[in-house]
Amino acid sequence: MKIRIRYPLAGLLIVSLALGLCGSPVGADDKDLRHVFPEPVILIDAGHGGIDGGTSYEDIMEKDINLEIGRRLYVVLRSHGYRAVLNRTGDYALSDDNRWSRSRSRHMRDLAQRKELSEQLPASIVVSLHVNWGRNKSKRGPLVLHQNEGRSALLAASIQNALERFYNLNRASIPEIGKPFYLLKHVESPAVIVEMGFLSNAEDRAQLISRSGQQKIAEAIYTGIAEYFTVM
């Protein structure tokens, strides 16, 4: 099975990761991505996109926050020498790139495309970025969901702790198993879903939408990833 990758911004975010391993961008329709990325990479999954905006507050869309923090996380990881790939480089749905799934559900084609990319690269870990929402506007802070698997649980705990330090929360939340989530059920690599904060909470929202807050969130997630790799 071959999958398609868009290249409008990928020269910076995806193909640069080859670092001389190939002379020009190689589409997945032409070669298996394993030829482009011979070593496992960190796959940053920017949640939602395109027609799927995710949660929202007034004119603030989750998909835009996920992408902006994903871009910043990519840069931080690369600056520290980690191989990384950002799976969405613009405002589009990954279901648009899925030409192989027979599912009539756009949502399922989107999820299947994200899962398939993690295998084609291949990915050492998958970090899926999202934003939370709650009816209780006082509820705030991060929540990291993980697979029912030790490495995923360790990665989730590392990122959860780093984000809680950033938010200066006087608590020690325990990451949860994300049983119903497609990505966590079907991705073979250690994977986590990072709910980076509550868009419904004014304090979290201020961090999620500001440039400085987005940068600090990306750096906190990087810290958690780095702590994970020091153990594994």
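Along each chain, the written sequence defines residue order, and numbers are assigned to residues from 1. pLDDT decides what is reported in this predicted model: residues at 70 or higher carry local features, side-chain atom pairs at 80 or more are listed and counted, and totals for whole chains, interfaces and linings draw on all residues regardless. Side-chain measures here rest on the full set of heavy atoms in the structure, leaving out hydrogens and waters.

Draft legend 1. A look at the overall build of the chain. Elements are defined by DSSP. Helices are runs of H or I of four residues or more, strands are runs of E of two residues or more, and each kind is numbered from the N terminus. In terms of helices and strands, the chain carries eight helices and eight strands. Expressed as a percentage of the 232 residues in the chain, the buried residues total 55%. Here, residues are in contact when the closest pair of their heavy atoms is within 4.5 Å. In the chain, 77% of the contacts between residues at least 6 apart in sequence involve partners at least 24 apart. The Shrake-Rupley method, run with a 1.4 Å probe sphere, supplies the accessible areas, and residue values consider only the shown protein chains as cover. Accessible surface for the chain amounts to roughly 10,800 Å². Of this, 50% is attributable to carbon and sulfur atoms. Accessibility here uses a 1.4 Å probe with only protein chains present; expressed as a share of the type maximum, an area under 20% marks a residue as buried, one over 50% as exposed, and anything in between as partly exposed.

Draft legend 2. Expanded view of helix α3 (residues 62-79). Working rule for helices: expected span equals 1.5 Å times residues minus one. In this model α3 runs 26 Å from its N-terminal to its C-terminal C-alpha over 18 residues, within 8% of the 26 Å that 1.5 Å per residue would give. Those residues of α3 not exposed but buried are E62, K63, I65, N66, L67, I69, G70, R72, L73, Y74, V76 and L77.

Draft legend 3. Fine view of unusual backbone geometry. If you check the backbone angles, H48 has positive phi at about 65 degrees while not being a glycine. Take H48: it is sitting in the loop between β1 (41-46) and β2 (56-57). For H48, a relative accessible area of 18% puts it in the buried group. Even without being glycine, E58 reaches a positive phi, approximately 55 degrees. Mapped onto the fold, E58 is located in the loop between β2 and β3 (60-61). Judged by relative accessible area, E58 falls into the exposed class, the value being 68%.

Draft legend 4. Molecular detail of the pattern of salt bridges. Salt bridge criterion: a side-chain nitrogen from Lys or Arg within 4 Å of a carboxyl oxygen from Asp or Glu. Taken as a whole and assessed by the stated rule, the structure comprises eight salt bridges. Across the pair R71 and E68 runs a salt bridge, and its minimum N-O distance is 3.8 Å. Of this pair, R71 and E68 both sit in helix α3, separated by three residues, roughly a single helical turn. Judged by its relative accessible area of 28%, R71 falls in the partly exposed class.

Draft legend 5. Focus on the packing of aromatic side chains. Any two of the Phe, Tyr and Trp rings considered here, Trp counted by its six-membered ring, make a pair once their centres fall within 6.5 Å; the pair's planes then place it as stacked at under 30 degrees, edge-to-face at over 60, or tilted in between. For the structure shown, the criterion picks out four aromatic pairs. An angle of 70 degrees between the planes, with centres 5.1 Å apart, marks the rings of Y228 and F229 as edge-to-face. We classify F229 as partly exposed; its relative accessible area is 26%. Linked through ring pairs, Y82, Y222, Y228 and F229 together constitute an aromatic cluster.

Draft legend 6. Summary view of the nonpolar core. By nonpolar core is meant a set of buried Ala, Val, Leu, Ile, Met, Phe, Trp, Tyr and Cys residues that side-chain atoms within 4.5 Å join together. Counting 38 residues, the largest nonpolar core has I159, V194, M196, I221 and I225 as the members making the most contacts within it. With eight residues, helix α8 (residues 211-231) is the single largest residue contributor to this core. Setting aside chain neighbours within four positions, we find M196 in contact with I65, N66, I69, L129, H130, V131, P142, Y167, L208, I217 and I221. By size, the runner-up hydrophobic cluster in this structure holds 13 residues, among which are L43, L121, V126 and I193.

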